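What the coordinates show
So you can see what is in the structure, the chains are spelled out below.
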Amino acid sequence: MGAYQHSQGLEKAVARGWIADAEAAGAWIEGLLRHVVVHVDIPVAIRARDAWASGDAAAVLHWDRVCHACRETAEARREEADMGSALMRLLHGLDEPTPSRRLGFVTAFGVAGANAGLASREVAAGLAWAWCENQTLAAVKLARLGHIAGQRILRRLGDVLEEVVGAGMQVADDDIGRSAPYLALAGTWHETQPARLYRS
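Below is a summary of the structure that appears in this document. Per chain, the residues get numbers from 1 upward, laid out in the order the sequence is written. For a predicted model such as this one, the threshold for reporting local features is a pLDDT of at least 70, and the threshold for listing and counting side-chain atom pairs is 80 or more; totals across whole chains, interfaces and linings nevertheless cover every residue. Side-chain measures here rest on the full set of heavy atoms in the structure, leaving out hydrogens and waters.

Some thoughts on the overall build of the protein chain
Each helix and strand counted, the protein chain has 8 helices and 0 strands in total. Counting from the N terminus, the helices are DSSP H or I runs at least four residues long and the strands are E runs at least two residues long. Written out in order from the N terminus, the α and β elements of the protein chain read α-α-α-α-α-α-α-α. Relative to its length of 200 residues, the protein chain is compact, with a C-alpha radius of gyration of 16 Å against a globular reference of 16 Å. Expressed along its principal axes, the backbone C-alpha trace of the protein chain runs to roughly 45 × 35 × 35 Å. Within the protein chain, residue pairs in contact and separated by at least 24 positions form 75% of the contacts whose partners lie at least 6 positions apart. When the accessible surface of the protein chain is split by element, carbon and sulfur atoms take 52% of a total near 9600 Å². Charge counting follows a simple rule: Lys and Arg are positive, Asp and Glu are negative, and His as well as the terminal groups are ignored. Taken as the charge location is NZ of Lys, CZ of Arg, CG of Asp or CD of Glu. Averaged over its 21 positive side-chain charges, the protein chain has a centre that lies 6 Å from the centre of its 24 negative ones. Put simply, the radius of gyration uses C-alpha atoms, and a globule should come to 2.2 Å times the residue count raised to 0.38. The contact definition used throughout considers only heavy atoms, calling two residues in contact when any of these lie within 4.5 Å. Only the protein chains shown count as cover for residues, and all accessible areas are computed by the Shrake-Rupley method using a 1.4 Å probe.

Quick notes on the nonpolar core
Core analysis: the biggest nonpolar cluster contains 59 residues, and L10, I19, W28, I29 and L33 have the highest contact counts within it. Contributing elements (two or more residues each) for this core: α1 (10-15), α2 (22-53), α3 (57-70), α4 (74-93), α5 (105-115), α6 (120-142) and α7 (147-169). Ranked by residue count, the leading element in this core is α2, at 15 residues. If we skip the residues at most four places from it in the chain, I19 touches L10, A13, V14, A24, A25, W28 and A143. Put simply, a nonpolar core is a bunch of buried Ala, Val, Leu, Ile, Met, Phe, Trp, Tyr and Cys residues held in one set by side-chain atoms that sit within 4.5 Å of each other. Throughout, exposure labels follow a simple rule: accessible area from a 1.4 Å probe, protein chains only, divided by the maximum for the residue type, with under 20% read as buried, over 50% as exposed, and the rest as partly exposed.

Describing α6
Across its 23 residues, α6 extends 33 Å between first and last C-alpha, which sits within 8% of the 33 Å expected from 1.5 Å per residue. Backbone geometry just downstream of α6 places R144 in the positive-phi region, at approximately 50°. Take the residue count of a helix, subtract one, and multiply by 1.5 Å to get its expected span.

Quick notes on the packing of aromatic side chains
The criterion for an aromatic pair is that two Phe, Tyr or Trp rings (for Trp, the six-membered ring) have centres within 6.5 Å, with stacked assigned to planes under 30 degrees apart, edge-to-face to planes over 60 apart and tilted to the rest. Per the counting criterion, the structure on display carries 3 aromatic pairs. Between the aromatic rings of W18 and W28, the centroid separation amounts to 6.1 Å while the plane-to-plane angle is 35°, which identifies the pairing as tilted. Residue W18 is located in the loop between α1 and α2, and its partner W28 is located in helix α2; the two are separated by 10 residues in the primary sequence. For W18, a relative accessible area of 27% translates into the label partly exposed.

Section: unusual backbone geometry
With a phi close to 60°, D95 is a non-glycine residue in the positive phi region. Here D95 lies in the loop between α4 and α5. Owing to a relative accessible area of 69%, D95 belongs among the exposed residues under this scheme. Phi angles above zero are rare outside glycine, and R144 is one such case at about 50°. For R144, a relative accessible area of 77% gives the class exposed.

Examining the pattern of salt bridges
In what follows, salt bridge is the name for a side-chain nitrogen of Lys or Arg lying within 4 Å of a carboxyl oxygen of Asp or Glu. Per the counting criterion, the structure on display carries 8 salt bridges. The closest approach of N and O atoms between R71 and D41, which form a salt bridge, is 2.9 Å. In this pair, R71 sits in the loop between α3 and α4 while D41 sits in helix α2, placing the two residues 30 residues apart along the sequence. For R71, the salt bridge identified is with E80, shortest N-O distance 3.0 Å. The buried category is assigned to R71, whose relative accessible area is 13%. The exposure class assigned to E80 is buried, which follows from its relative accessible area of 9%.

Some words on the state of the cysteines
Here, the term disulfide refers to a pair of cysteine sulfur atoms separated by no more than 2.5 Å. Applying the stated rule across the entire model yields 0 disulfides. No disulfide involves C67; its sulfur sits 6.5 Å from that of C70, the nearest cysteine. Among the cysteines around C132, which has no disulfide bond, C67 carries the closest sulfur, lying 16 Å off. Of the residues examined, C132 reaches a relative accessible area of 0% and is grouped as buried.

Digging into the environment of K12
Here K12 is to be found in helix α1. The buried category is assigned to K12, whose relative accessible area is 14%. Between the alpha carbons of K12 and L185 there is a distance of 9.0 Å; along the sequence they are 173 residues apart. Beyond its immediate chain neighbours, meaning those up to four positions away, K12 contacts A186, W189, H190 and Q193.

Next comes the structure, spelled out in structure tokens:
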């Protein structure tokens, strides 16, 4: 879906010296997993999955708008849209049903999960793990951590994944949304970074 093109502010966090080693990278990724992915991505994805499974396309579009509103920078909104478009193209290419309007990545992921007959918990776990893996790969490249350090970070994240998924599934509709100020700052500053490897 093009996730490899995006660091979600991590490139700027490394450039500013916030992330200098594997411990800092693991803490950054786990922190965002617990405080953003749990409160935005997981609950939106499972609501999109449940809505699409029940034939409620209007609800899918509602949750897509909610997710878009939670993306605090232009790059984050563009990433959500670009990856969503890529996933929608894939679903169309596989002749799978989709809403008539374009979706962001998180809601498109929920739709894909519903089409595959996955349970809400499976969709949440798949989304969270894909996010963790992409962030870890970006950290390995940007902070020059090495393959073994990256695997240690993934093990650390794997150990908390079930807890994170459970927490995300308990988020009430009115509690969806969470701000991460350093992520927002890193994303904003990254938009004007002169030389960069990633689009976000």
